[in-house]
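The lines below spell out each chain.
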Amino acid sequence: MSIRAPRKGENYELSVDLNSEYRDKRKDAIKRVIASMTVGKDVSGLFPDVLKNMQTEDLEQKKLVYLYLMNYAKTQPELVILAVNTFVKDSEDHNPLVRALAIRTMGCLRAEKIIDYLCDPLQRALRDENPYVRKTAALCVAKLYDLKPELVIDNGFLERLHGLISDSNPMVVANTVAALTDIHMIATSAHPPASSSDPAFFTITSSVLSKLLIALNECSEWGRVAILNALSRYTTQDDKESEHICERVVPQFQHVNGSVVLAAVKVIMIHMRNIRREEFSKQLIRKMAPPLVTLLSSPPEVQWVALRNVNLLLQKQGDLLSNEMRVFFCKYNDPLYVKVEKLDIMVRLANDNNVDALLITNFVLTGMPRRLMLISTSSGSTPRHTRASYPTLCANLEELDEPEAKASLIWIIGEYAEKIDNADELLSTFVDTFTEESYQVQLQTLTSVVKLFLKKPESSQGVVQRVLNTATKDCDSPDVRDRAYIYWRLLSTDPGAAKAVVLAHRPPISIPRTTVPPALLEELLGEVSSLASVYHKPAETFIGHGRIGADTIQRKGTEYVASYMLKFTLSVGCRLSDDRFTAQKAFQTVVAGQQAENLLDLDDAPTQEGEPSGLAATQILPTSPAAANFLSGASTNPLDDLVSIFGGMSVDGAGSGANAGTESAFGSLGKHVATGRGCLRSGDLCITNRNPKTTGGFAWLVLIDM
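Analysis parameters
Residues numbered from 1 in each chain as written. Predicted model: local features only at pLDDT ≥ 70, side-chain atom pairs only at ≥ 80, totals over all residues. Heavy atoms only, no water. Axes fitted to C-alpha atoms, helices over the stretch in contact; angles between N-to-C directions. Helix = DSSP H or I, 4+ residues; strand = E, 2+ residues; numbered from the N terminus. Parallel < 35°, antiparallel > 145°, perpendicular 65-115°, else oblique. Left-handed = near helix turned anticlockwise from the far one by under 90°. Contact = heavy atoms within 4.5 Å. Nonpolar A, V, L, I, M, F, W, Y, C, P; charged D, E, K, R; others polar. pLDDT = per-residue confidence, 0-100. Core = buried A, V, L, I, M, F, W, Y, C linked by side-chain atoms within 4.5 Å. Buried < 20%, exposed > 50% of the residue type's maximum accessible area, 1.4 Å probe, protein only. Polar contact = N/O pair within 3.5 Å; in protein donor to acceptor, adjacent residues only side chain to side chain.

Draft legend 1. Focus on the packing of helix α13 (residues 170-188) against helix α15 (residues 221-232). Axis separation between α13 and α15 bottoms out at 8 Å; the angle between their running directions is 55°. Classified by the interaxial angle, the pair formed by α13 and α15 is oblique. At the point where α13 passes α15, the crossing takes the left-handed sense. Contact residues: α13 offers Ala174, Val177 and Ala178, while α15 offers Gly223, Ala226, Ile227 and Ala230. Per-class residue counts for the contact of α13 with α15 are 6 nonpolar, 1 polar and no charged.

Next comes the structure, spelled out in structure tokens:
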């Protein structure tokens, strides 16, 4: 008689406990199953055992079982149908929490066999007397529409959902708006798109607007975000209605949730476009500044999101935070990504009145003088009181490690040398270590020392002599040596000319007010508080709604290429008549050899007088069809005609056919062109192999961008 080995394993132990006769033991086993599922262990084999514990009066245990079913319904579609009776029974339970839980779970299962059994419980839930059940059922309609839109339309769920907007409970209204918005987005993103008369479209009317504004202050924070997003889509009838919406939304600036604040800012920015009263617009901008400043006291991650949105808002309203400059000062413990974003914003806000504080404070705290150099020069002119900031900047010179930072501060010293008393001493430290510095620091040191000499010749003659000697004799970089020779000859021959070149008047650095096109900026302002406003890119460039999203992006890419090709064709057609004379003239010049001399001819023996040279030596016959088309201006593809002309000729009877002629004329390059090998791009300049028989030097082929 064989003895069966005992079955061991964690799942076996859980299965035994799930079938225990003791209720507490079964509940504890369900908790352990959920814990294993949470950490990623596969407990799908316990599906029948967990399903047996579904019918219970214990609400906590029922929630755990429903959570398990939602997670493994896709892997066990045949067994999920066994839970339908319990779901239907729970949807009629006297406890509203159980009714709502059943509806929510059935909507989240996303199983085809469950959907058909969901309609009747959902109809009852939408008319339930308890608002908690109604708000749960409203979201379930959106989930059902995503799975089977025709089922939602046939059962009249959309009409019932529109009726819930008039519900007396603000949370029901908020969830209804969220569900209708999701359905609207699914319908508008469909390909082909649905018609405007489709019941899935969520059109906000004046009556709906008043109901949304009433529910706005009473619902939860996420309900407020949903309502505010819907208000941003509303098209106002006149400026009075826009002002009314803004007045009702302004109190949301005081909300503790940053998402609510940014959603309210989005609504204000959108409806401000229709407000004609300038005084009212300025008042809204003043009220918008404090909540944005408050967001900057959040953790670094939230702070960076707020800064990205602020950067976008400043491109539309440059004076939005003009009086809140100090909140953007970099702190010593700010992450690098926060510091960079703060500096970009400060560049936009810099002017003559605040540039000193910006330069001193941020240089000490960040050590990023390249951006600070932009701040010091982007206000339109040299600041009036910047003399006070130079000592502080120069005192931190030795703390800089990055070459880019050193070069930027050296530029400041040379540019404002007349305002810095010890400029010669500061630059002397870099002259002493000139050969040890990086390439860009050497170039900037050389230029700054020459500027110092032209501004203070009495005290800096020794420094300029040292740097020129070092740069021309000991430096390995040819660029540095060449610049040193140029400066030396300018200073030795004509100091006036040197001053005119080195100290020439330069226009101030102008920072563009917008980093995105105006049309895209308006679109992104409508996406504030979303990823689009953080990335400063349209949502469709980084988010695809499944296959529909991919098709949409591909279609837009095709439309863009088609429009570009159309514009290109029209442009070529307009230029064709103007370019005919130019093309004919150029071709005749090449044939005659007037402008195609052998500039790189390394032959010792000169060419015989009277013989053609350069490209004229190829003896191109204008009687060929390609040449005739080129000369007459009737060529549709000049580049192909050029290749045909050079590829179809034969020099001195050597070689026959296109390959031989091309290789004879252009060496190995002609061989690659004739045989289709090589990778030549429009605009490339290629030097072929030396071929004395044909050109007496190098043959040049330029691929021109037509």
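The rest of the description comes next.
Draft legend 2. Up close: the confidence of the model for the protein. Put simply, the protein has an average pLDDT of 75, and 68% of its residues get 70 or more. The secondary structure element of the protein with the lowest average pLDDT is strand β2 (residues 700-702), at 34, and the one with the highest is α15, at 93. For the stretch residues 1-6, pLDDT sits under 50, and the model shows 0 contacts to residues farther than four places along the chain or on other chains.

Draft legend 3. The arrangement of the nonpolar core in detail. Tyr68, Leu69 and Leu231 are the most contacted members of the largest nonpolar core, which has 127 residues in total. Element by element, the count of residues in this core is highest for helix α17 (residues 258-271), at 9 residues. Residues within four places of leucine 231 in sequence aside, it is in contact with Leu209, Leu212, Leu213, Leu216, Val249, Val267 and His271. The next biggest cluster of nonpolar side chains, apart from the first, holds 31 residues, and it includes Ala417, Ala423, Val480 and Tyr487.

Draft legend 4. Quick look at the environment of arginine 124. One can find arginine 124 in helix α9 (residues 119-126). Of the residues examined, arginine 124 reaches a relative accessible area of 35% and is grouped as partly exposed. Residues arginine 124 and alanine 137, 13 residues apart in the sequence, show an inter-C-alpha distance of 9.1 Å. For arginine 124, the residues in contact, after removing those within four places along its chain, are Val88, Ser91 and Glu92. Side chain to side chain, arginine 124 and glutamate 92 meet in a polar contact 3.2 Å long.

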